[in-house]
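Okay, here's what each chain looks like letter by letter:
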Amino acid sequence: GTSVQSQVEWFGNEAEKYHILVASYDLLQLGRWFLTVEEFDCELDKNCASSTQIDELPYLDAGNTGNNPVEVNGSQAMKCSLVKPGMKGVWYSGQSPANDVCLTVTSAGSQFDTILAVYTGSCNDLSCVVENDNESEFVRSSQVSWNAEYEELYYLFVGGTDEDATGDFQVTMTMKNGLC
């Protein structure tokens, strides 16, 4: 016999009820079928874990959040309150090269309204360190600074302010000796 398989994935909500229809594309074709439903970690964990590595400072990168956008789904990234479901953005990661340093990230030069969110921990257990939307009342780029701990791994999410905000971005990370 011939075996045909199909697979579908979606981000569900715990409070939602879902109905799954299993049917043949040919109404005259009968047979046995098997349905497997599995719960898995949200795409967020994969995106965080495959973040772009920042190896040395100062660091500068540019791109477009509409090119292969990383949608934020899952409760871990939302531990920073500005990060909402459906936002698109880019993940970075890097370790602090020293103690008693101030790390600063800015999205100055970006062509749309951005947010920045910095986390520590693992992708399955993130903790929000600092976040920002708009450097000032009149500047739509964002900037964050924090006192970094030596060899602490930090994750940075650069994204738009809502699920429709995408565009060209620029991100710069710098370090200065001493506390912020």
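Conventions we followed
- Residues numbered from 1 in each chain as written.
- Predicted model: local features only at pLDDT ≥ 70, side-chain atom pairs only at ≥ 80, totals over all residues.
- Heavy atoms only, no water.
- 1 Å grid on protein atoms, 1.4 Å probe; cavity = no way out; pocket = protein on both sides within 12 Å on 5 of 7 lines; lining within 4 Å.
- Points joined across faces, edges and corners; volume = space filled by probe spheres on them.
- Nonpolar A, V, L, I, M, F, W, Y, C, P; charged D, E, K, R; others polar.
- Phe/Tyr/Trp six-rings, centres within 6.5 Å; stacked < 30°, edge-to-face > 60°.
- Helix = DSSP H or I, 4+ residues; strand = E, 2+ residues; numbered from the N terminus.
- Buried < 20%, exposed > 50% of the residue type's maximum accessible area, 1.4 Å probe, protein only.
- Salt bridge = Lys/Arg side-chain N within 4 Å of Asp/Glu carboxyl O.
- Pairing = 2+ DSSP bridges.

K.L.:
How would you sum up the layout of surface pockets? Please name residues and give values.
P.N.:
The volume enclosed by the second largest pocket comes to roughly 190 Å³. Tallied by class, residues from the lining of the second largest pocket come to 10 nonpolar, five polar and two charged.

K.L.:
Kindly report on the packing of aromatic side chains, identifying the contributing residues and their values.
P.N.:
In this description, an aromatic ring pair is defined by two values, namely the gap between the centres and the angle between the planes. Taken as a whole, this structure holds four aromatic pairs when the rule is applied. Measuring from centroid to centroid gives 6.0 Å for Y59 and Y92, while their planes differ by 70°, and the two rings are edge-to-face. Placement of Y59 in strand β2 (residues 59-64) and of Y92 in strand β4 (residues 88-95) is noted, with a sequence separation of 33 residues between them. Take Y59: its relative accessible area is 16%, and that puts it in the buried class. Between the aromatic rings of W91 and Y119, the centroid separation amounts to 5.6 Å while the plane-to-plane angle is 40°, which identifies the pairing as tilted. With W91 in strand β4 and Y119 in strand β6 (residues 114-122), this residue pair connects regions lying 28 residues apart in the sequence. Taken as a pair, W91 and Y119 share a single burial class, namely buried. An aromatic cluster is built from W91, Y119 and F157, whose rings are joined through pairwise contacts.

K.L.:
Give me the lowdown on the environment of D164, citing residues and values where you can.
P.N.:
With respect to the element layout, D164 can be found in the loop between β9 (153-160) and β10 (168-177). Taking the C-alpha atoms as reference points, D164 and K88, separated by 76 residues in sequence, lie 8.0 Å from one another.

K.L.:
Which residues make up the pattern of salt bridges, and what are the values?
P.N.:
What the rule picks out here adds up to one salt bridge. Among the ionic pairs, K79 bridges to D125, the shortest N-O distance being 3.5 Å. Placement of the pair is K79 in the loop between β3 (70-71) and β4 and D125 in strand β7 (residues 125-133), with a sequence separation of 46 residues. Note on K79: relative accessible area 40%, which makes it partly exposed.

K.L.:
Provide a residue-level description of the pairing of strand β5 (residues 101-106), including the pertinent values.
P.N.:
Looking down a regular strand, the side chains alternate between one sheet face and the other. Counting buried positions along β5 gives six out of six residues, so the element sits mostly inside the fold. Side chains of β5 alternate between two faces, with V101, L103 and V105 and C102, T104 and T106 buried alike. In this structure, β5 lies alongside strand β8 (residues 143-148), joined through six bridges in antiparallel fashion. Paired with V101 across the two strands is A148, which belongs to β8. With six bridges connecting them, β5 and β10 associate as antiparallel partners. Bridge pairing in β10 places C102 opposite K176.

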